[in-house]
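Structure assessment
The residues making up each chain are set out below.
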Amino acid sequence: MSRILIWLPTLAIILFYIPNALDKLINHDQTGKVLESSAVLITAGVFNLLGTALFLYNKSILIWTSNLALYITFIVLIHIYKGKPSEIVILILMATVFASYIRNPTIFSRNTDT
């Protein structure tokens, strides 16, 4: 039961990132974006899919949590710039870090024993 509860926040994050990435890959000619380039949207979609897949792998969780958090931070800044509500995106950013911490809390601890 505890294993299911540990993976529950990660499942919520996956349910956000994968449809978002697929939307960027399938509908790459969207208008109203800050950068309306199809190449940028396709690159972001591939980055999201790759980041989500490697976020699930325990050995690369820290680096891909950092990458996904940086990506979402840019999205928050874009939402603020365009005057869109950014609270939900900030919650997704916090949930990404929280899901990573719940799955592997030792990677966030500072180990001074060397």
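Because the structure is a prediction, the values reported are computed rather than measured. (Residues numbered from 1 in each chain as written. Predicted model: local features only at pLDDT ≥ 70, side-chain atom pairs only at ≥ 80, totals over all residues. Heavy atoms only, no water.)

Considerations on the packing of helix 1 (residues 2–26) against helix 4 (residues 87–103)
How we decide: Every angle, taken between N-to-C directions, lies between 0 and 180 degrees, and every axis is a line fitted to C-alpha atoms, over only the stretch in contact when it is a helix. Each helix is a run of H or I in the DSSP string that is no shorter than four residues. Each strand is a run of E no shorter than two, and both are numbered from the N terminus. Here is the rule for handedness: rotate from the far helix to the near one, and if that takes an anticlockwise turn smaller than a right angle the crossing is left-handed, while a clockwise turn gives right-handed. Contacts between residues were defined by any pair of non-hydrogen atoms, one from each residue, lying within 4.5 Å. Each residue is assigned to one of three groups, with Ala, Val, Leu, Ile, Met, Phe, Trp, Tyr, Cys and Pro labelled nonpolar, Asp, Glu, Lys and Arg labelled charged, and all others, Gly among them, labelled polar.
Running from N to C, helix 1 and helix 4 cross one another at 145°; their axes reach a closest spacing of 8 Å. Where helix 1 crosses over helix 4, the two elements pack in a sense that is left-handed. Contact with helix 1, carried on its side by Ile 6, Trp 7, Pro 9, Thr 10, Ile 13, Phe 16 and Tyr 17, involves Ile 92, Ala 95, Thr 96, Phe 98, Ala 99, Ile 102 and Arg 103 of helix 4 and no other residues of that element. By residue class, the composition of the contact of helix 1 with helix 4 is 11 nonpolar, two polar and one charged.

Structural notes on helix 2 (residues 38–56)
Defined as follows: One less than the number of residues in a helix, times 1.5 Å, gives the span that helix is expected to have. Type-normalised accessible area, obtained with a 1.4 Å probe on protein chains alone, sets the label of each residue: buried when under 20%, exposed when over 50%, and partly exposed for intermediate values. Here, the arc refers to the directions that run from the helix axis to the C-beta atoms.
Counted at 1.5 Å a residue, the expected span for helix 2 with its 19 residues is 27 Å, and the 27 Å between its end C-alpha atoms agrees. Looking only at helix 2, the buried set comprises Leu 41, Ala 44, Gly 45, Asn 48, Gly 51, Thr 52 and Phe 55. End-on view of helix 2: buried residues confined to an arc of 135°, all on one side of the axis. The elements touched by buried residues of helix 2 are helix 1, helix 3 (61–82) and helix 4.

Function cannot be inferred from these measures alone, as they are strictly geometric.
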